[in-house]
Amino acid sequence: MRDVVIVGAGHNALVAACYLARAGLDVEVVERRDVVGGAVSTVERFPGYRMDAGSSAHIMVRHTGIVEDLDLAACGLEYQDLDPWGYAPFGDEAIVFWGDLDRTCASIESVCGTRDADAYRAFVATWAARNRHIFASFGEAPSPARIGRHFLRVIRGSGLGGWELSRQFLTTGDGLLDELFTDERLKTALAWMGAQSGPPPHEIGTADLVGWNALLHDRPPGHPRGGSGMLSVALARRLAQLGGTVRLGDGAQRILLRGGRAAGVVTASGEAVTARAVLAGCHVLTTLDLLGPGGPHAELADRARRSVRVGNGIGMVVRLATSDLPRYPAPAGGAEWRALQLIARDRRALRRAHGEFNAGLPPTEPAALAMTFSAFDDTIAPPGKHNVTVWGQWHPYELANGEHWDAIGRREGEKLVAAVDRVAPGFAGSVEQMHVQTPLDLERELGLRRGNVMHVEMGLDQMFLYRPMPELAGYRTPVDGLYLTGASTHPGGGVFGASGRSAARVLLDREFAPRRGRAAALAGALSRAALGQRA
């Protein structure tokens, strides 16, 4: 019998596995695919091209300290900074967002004027300070006391009354941008970057999705040399060194219940892997399906299927094998290819794309985010060739016009290529091969229900103590011995890892701390690490 069996080898599950194994527990991870990482994995789509299956740029995990605490560099993980982190082309001009704030403000001043450059400097100072406290709350299991403590620090540091501060947080991202800046190009770039979590910047409560951009001046996003999946590979290597195991190609088909308690899993091959506790790193609704029909959990499962907002997808992506990089009319000396390339005409185009998404229609003119990591990573494309990823929002999983994604996927992929070509003329001619991942493809390959890369929508009603719903917050479930991690849980989607670390701490506290002094000690260390201290 194992101490813990973990369902799915996504990056949060692997983070949890490493911390559990480091506490001396016997851990096995079961995964249906033949590669680790889930949506943080890299595969060969075309000969010589290592392409990401899901996420590409890593932002949040670089602020958690997990990479350093687990010493993943010693397991082969090498981050290449995306600095500048943003490049927004507008005709023969471009705004460049560097890690260095002075350099960024100089770029903004050259395009938008001194007023907006000064306003941006003030914006970064204000919202970075706020988000450092908010980020600390992401590193702990959510509770009213913990969340309240961190938000009290936000209030005290703001110099504002509670009503004004709450107004600023509850306003729309667009509203915040209109208050602060005058140039539509700067507003568009920041709005599009803020929209990457899913909610559009004209939605209530999205101001801090824009405000989060300020923290990118503390530490830029990173690209793992060799592809996004190298984070997961490094985690799996660390787990093996700690004595844990990963079973590939034989995922969980059912969670074993004995006396109402989770007691292991039955895999696709029919093998029963028994354990003292089960940690599910897959989608929360997939976890509930694995429990089977009936039983004391049936009512909760039914309520979750009705109340957990998975939504209608977020977007789609194309992976391109090209003969050249996008050539923008306002080059930044090659720095543009290191950055996330924020391609959106203006905020009206963002609102139109989201309006069509709400109506169940593919966008007429998709906003695009281009990534050109082969410009500085020579391991992901053949010599003289390039590996380009273009992500687009918003693309509905369920289409209202009678079309089917299998029939229109390539057409919509070509729209994303055209979006880049509009601002980098000639780029479309450099495309030699294209792999399209529609919302339906994302569900089929990666288990992302309805193509939602965040698992559950990132609206205010499904964050913190509400993620994925109050009864399932805090990584615990009403089924004894069954715990949750992954994008369905606090603090949400993206390449983060915080959910895995916090879930490990909760599981250790509840299941093993009374029996294992080392587990209790590690739980304390994890708690300190979650607050930004070195474990």
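Residues numbered from 1 in each chain as written. Predicted model: local features only at pLDDT ≥ 70, side-chain atom pairs only at ≥ 80, totals over all residues. Heavy atoms only, no water.

(A) Geometry of the overall build of the chain. The secondary structure content of the chain amounts to 17 helices and 18 strands. Against the globule reference of 24 Å for 535 residues, the chain gives a C-alpha radius of gyration of 22 Å, in line with a compact fold. By residue count, 61% of the 535 residues in the chain fall in the buried class. Within the chain, counting contacts between residues at least 6 apart in sequence, those at least 24 apart form 73% of the total. For the chain, the exposed area adds up to about 19,200 Å²; of that, 51% sits on carbon and sulfur atoms. Considering the chain, the positive charge centre built from 58 side chains and the negative charge centre built from 58 side chains are found 6 Å apart. (Helix = DSSP H or I, 4+ residues; strand = E, 2+ residues; numbered from the N terminus. Rg over C-alpha atoms; globule rule 2.2 N^0.38 Å. Buried < 20%, exposed > 50% of the residue type's maximum accessible area, 1.4 Å probe, protein only. Contact = heavy atoms within 4.5 Å. Areas by Shrake-Rupley, 256 points an atom, 1.4 Å probe, with all protein chains shown as cover. Lys, Arg positive; Asp, Glu negative; His and termini not counted. Charge placed at Lys NZ, Arg CZ, Asp CG, Glu CD.)

(B) Local environment of the side chain of R467. Residue position: R467 is located in the loop between α15 (439–446) and β18 (482–484). Buried within the structure, R467 lacks any salt-bridge partner; D461 is the closest side chain of opposite charge, at an N-O distance of 8.1 Å. Within the structure, R467 has its side chain in polar contact with the backbone oxygen of E457 (distance 3.1 Å). (Salt bridge = Lys/Arg side-chain N within 4 Å of Asp/Glu carboxyl O. Polar contact = N/O pair within 3.5 Å; in protein donor to acceptor, adjacent residues only side chain to side chain.)

(C) Structural detail: the pairing of strand β2 (residues 27–30). Side chains V27 and V29 project from β2 onto one buried face, and the interleaved E28 and V30 project onto a second face that is buried too. Relative to β2, strand β1 (residues 2–7) runs parallel, the two sharing four bridges. Paired with V7 across the strands is V30, a residue of β2. The parallel pair β1 and β2, bridged by helix α1 (residues 11–22), forms a crossover whose chirality is right-handed. (Pairing = 2+ DSSP bridges. Right-handed = clockwise from strand over helix to strand, strands pointing away.)

(D) Quick peek at the pairing of strand β16 (residues 386–393). Taking burial as the measure, the eight residues of β16 include eight buried ones, the bulk of the element. Here β16 shows no split at all, with H386, V388, V390 and G392 on one side and N387, T389, W391 and Q393 on the other all buried. When strand β13 (residues 315–322) meets β16, the two strands line up antiparallel, connected through eight bridges. Within β16, the position partnered with V318 by the bridge is V390.

(E) Spatial organisation of the sheet that holds strand β6 (residues 86–90). The strand order across the open sheet formed by seven strands is β7-β6-β14-β15-β16-β13-β17, and the pairing between neighbours is mixed. Lying at the two open borders of the sheet, with one neighbouring strand each, are β7 (93–97) and β17 (431–437). Within this sheet the neighbouring strands show an average axis-to-axis angle of 20°, counted without direction. Pairing between β6 and β7: five bridges, direction antiparallel. Of the residues in β7, the one forming a bridge with G86 is F97. (Axes fitted to C-alpha atoms, helices over the stretch in contact; angles between N-to-C directions.)

(F) A look at the side chain of D174. Here D174 lies in helix α7 (residues 173–180). Within the local environment of D174, its side chain forms a polar contact with the side chain of R351, the two groups lying 3.0 Å apart. With residues up to four places along the chain from it excluded, the contact list for D174 reads A191, P201, H202, R347 and R351.

(G) Broad picture of the nonpolar core. Counting residues in each nonpolar core, the largest one holds 65 residues, and the members touching the most others are I95, F97, Y120 and W192. The biggest single contributor to this core is helix α4 (residues 114–138), with ten residues. Once you skip the residues sitting within four places of it in the chain, F97 turns out to touch P84, W85, G86, T104, I108, Y120, L186, A189 and L190. Ranked by size, the runner-up nonpolar core spans 44 residues in total, among them V27, V29, L231 and A234. (Core = buried A, V, L, I, M, F, W, Y, C linked by side-chain atoms within 4.5 Å.)

(H) Geometry of the environment of E184. For E184, the position within the fold is in helix α8 (residues 184–194). A C-alpha to C-alpha distance of 60 Å links E184 and M1, two positions 183 residues apart in sequence. Apart from the residues lying within four places of it in its own chain, the contact partners of E184 are D346 and R347. A distance of 2.9 Å separates the side chain of E184 from the side chain of R347, its partner in a polar contact.

(I) Region of the structure containing the confidence of the model for the chain. With 96% of its residues at a pLDDT of at least 70, the chain reaches an overall mean of 94. When the criterion is pLDDT under 50, residues 530–535 qualifies, and its contacts beyond four places in sequence or with other chains add up to 14 contacts. (pLDDT = per-residue confidence, 0-100.)

(J) Representation of α7 within the structure. Looking only at α7, the buried set comprises G173, D174, G175, L176 and L177. Where α7 is buried, its residues touch α4, α8, α9 (207–211) and α13 (347–358).

(K) Fine view of unusual backbone geometry. Of note, the amide linkage connecting Q393 to W394 takes the cis form, showing an omega dihedral of -10°. Along the chain, W394 falls in the loop between β16 and α14 (405–423). H490 connects to P491 through a cis peptide bond whose omega is 10°. Residue placement: P491 occurs in the loop between β18 and α16 (498–512).

(L) The environment of I380, seen in detail. Among the secondary structure elements, I380 is positioned in the loop between β15 (367–371) and β16. On a C-alpha basis, the gap between I380 and E164 in space is 48 Å, while along the polypeptide they are 216 residues apart. When residues no more than four places from it in sequence are discounted, the contact partners of I380 are G48, Y49, R50, H223, G226, G227, F373, S374 and N387.

(M) Focus on the packing of aromatic side chains. One pass over the structure, following the stated rule, counts 16 aromatic pairs. Plain terms: the ring middles of F135 and W212 are 5.6 Å apart, the flat faces sit at 20° to each other, and that makes the pair stacked. Remark: W212 occurs in the loop between α9 and β8 (222–224) and F135 occurs in helix α4; sequence separation between them is 77 residues. Judged on exposure class, the residue F135 and its partner W212 are both buried. On the basis of an interplanar angle of 75° and a centroid distance of 5.8 Å, the ring pair of F151 and F464 is categorised as edge-to-face. Separated by 313 residues along the polypeptide, F151 in helix α5 (residues 144–158) and F464 in the loop between α15 and β18 bring together distant segments of the chain. (Phe/Tyr/Trp six-rings, centres within 6.5 Å; stacked < 30°, edge-to-face > 60°.)

(N) Local environment of the environment of D71. Here D71 shows up in the loop between α2 (66–69) and β5 (79–81). C-alpha separation for the pair D71 and M469, spaced 398 residues apart in sequence, amounts to 34 Å.

(O) Structural detail: the packing of α4 against helix α6 (residues 162–170). Closest axis-to-axis distance for the α4/α6 pair is 14 Å, and the angle between their directions is 85°. In terms of their interaxial angle, α4 and α6 are classed as roughly perpendicular. The residues of α6 that touch α4, namely those facing W127, R130 and I134, are L165, Q168 and F169. Here the contact of α4 with α6 is composed, by residue class, of four nonpolar, one polar and one charged. (Parallel < 35°, antiparallel > 145°, perpendicular 65-115°, else oblique. Nonpolar A, V, L, I, M, F, W, Y, C, P; charged D, E, K, R; others polar.)

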